[in-house]
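Structural features, examined
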Amino acid sequence: MSARQGSVRGITHTPHQRRAAVELLILGLLSTAFLALFPHRPLAVDLVLALLASALVLFNARYTMTHIWSRLPLEDRRRDCRASILVTMALTVLVMLVFLLIGVAIGYEGADWPGAKARILHPYMPNAMLLYLPWALLQQTLFQFYLLGRVCTLCPSLHPVAQSLLNGLVFGAVHVTDIWIVLLAALGGAMWSFLYLRYRRLWPLVVSHALIGTTFYYWVYGYDLASRWRVLLGSV
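Residues numbered from 1 in each chain as written. Predicted model: local features only at pLDDT ≥ 70, side-chain atom pairs only at ≥ 80, totals over all residues. Heavy atoms only, no water.

Some details on the packing of helix 5 (residues 125-154) against helix 6 (residues 160-173)
- Interaxial distance between helix 5 and helix 6 falls to 10 Å at its minimum, and their mutual angle equals 135°. Put simply, helix 5 runs oblique to helix 6. Crossing geometry of helix 5 relative to helix 6 is assigned as right-handed. Along its contact with helix 5, which presents Q139, F143, Q144, L147, L148, V151 and C152, the element helix 6 presents Q163, L166, N167, V170 and F171. (Axes fitted to C-alpha atoms, helices over the stretch in contact; angles between N-to-C directions. Helix = DSSP H or I, 4+ residues; strand = E, 2+ residues; numbered from the N terminus. Parallel < 35°, antiparallel > 145°, perpendicular 65-115°, else oblique. Left-handed = near helix turned anticlockwise from the far one by under 90°. Contact = heavy atoms within 4.5 Å.)

Overview of the state of the cysteines
- Here the structure, examined in full by the defined rule, presents zero disulfides.
- C152 forms no disulfide, and the closest cysteine sulfur to it belongs to C155, at a distance of 8.3 Å.
- Owing to a relative accessible area of 3%, C152 belongs among the buried residues under this scheme. (Disulfide = S-S within 2.5 Å. Buried < 20%, exposed > 50% of the residue type's maximum accessible area, 1.4 Å probe, protein only.)

Details of the packing of helix 3 (residues 61-68) against helix 5
- Remark: helix 3 packs on helix 5, axes separated minimally by 11 Å, with the N-to-C direction vectors making an angle of 35°. The handedness of the crossing between helix 3 and helix 5 comes out as left-handed. Contacts between helix 3 and helix 5 involve A61, Y63, T64, M65 and I68 from the first element and F145, Y146, G149, R150 and T153 from the second.

Some details on the environment of G107
- Position of G107 relative to the elements: it lies in helix 4 (residues 81-120).
- Considering only alpha carbons, one finds G107 and I120, 13 residues apart in sequence, at a separation of 8.2 Å.
- Excluding residues within four positions of it along the chain, G107 makes contact with D112, G115, A116 and R119.

Section: the nonpolar core
- Grouped together as the largest cluster of nonpolar side chains are 45 residues, with contacts concentrated most on W69, Y132, Y196, Y218 and L225.
- Where this core is concerned, the elements lending two or more residues are helix 2 (43-59), helix 3, helix 4, helix 5, helix 7 (179-199), helix 8 (203-220) and helix 9 (225-235).
- Sorting elements by how many residues they give to this core places helix 5 first, with 14 residues. (Core = buried A, V, L, I, M, F, W, Y, C linked by side-chain atoms within 4.5 Å.)

Given below as structure tokens:
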């Protein structure tokens, strides 16, 4: 047995696997305790925590690149930027079309076609999408660049779909404010995880996240996200 490896009942654990397990155990315990103690909290609290977590991820970025992602296989053809954009945007548009149909139906039921038009063509939606981009960047960096790599390191024998679903479940679990948001976040997280495993391109996922999140809140929930963020930014 190598001095850099340990074995328990025939299962070999590398130092990187042990480190990933310790990191995720600590993060899991802290996150579970926080969500249990503060199930309802201001958006500003989530933003501050995300920024702190991102700072830790960036501080650890060199290790993540050299000892996590560099060890995971990736075929050269999957680095095609055009394919990454096309596939990600195609899936994003499909999801948005579903939200559009739901929004039209809800708006029409409430106030006929004027209600549907007001719901779909909300004047603050473009602002909300722009404000959503940095928030999406924080989340995708945390859950794809950091967490997904460690999930793959700990569970290398799992199929990429299973690894993506596992990461998506974690992504959904942190959105515990609403069951529908949890389900959407889990499905979206799994989709983005699989795309990141395949292409290793973060920014198309950021754009996809912002588009899906914004259209969900406005078209499905009828929720003015931009106004909420303006209040948040005005109070900072």
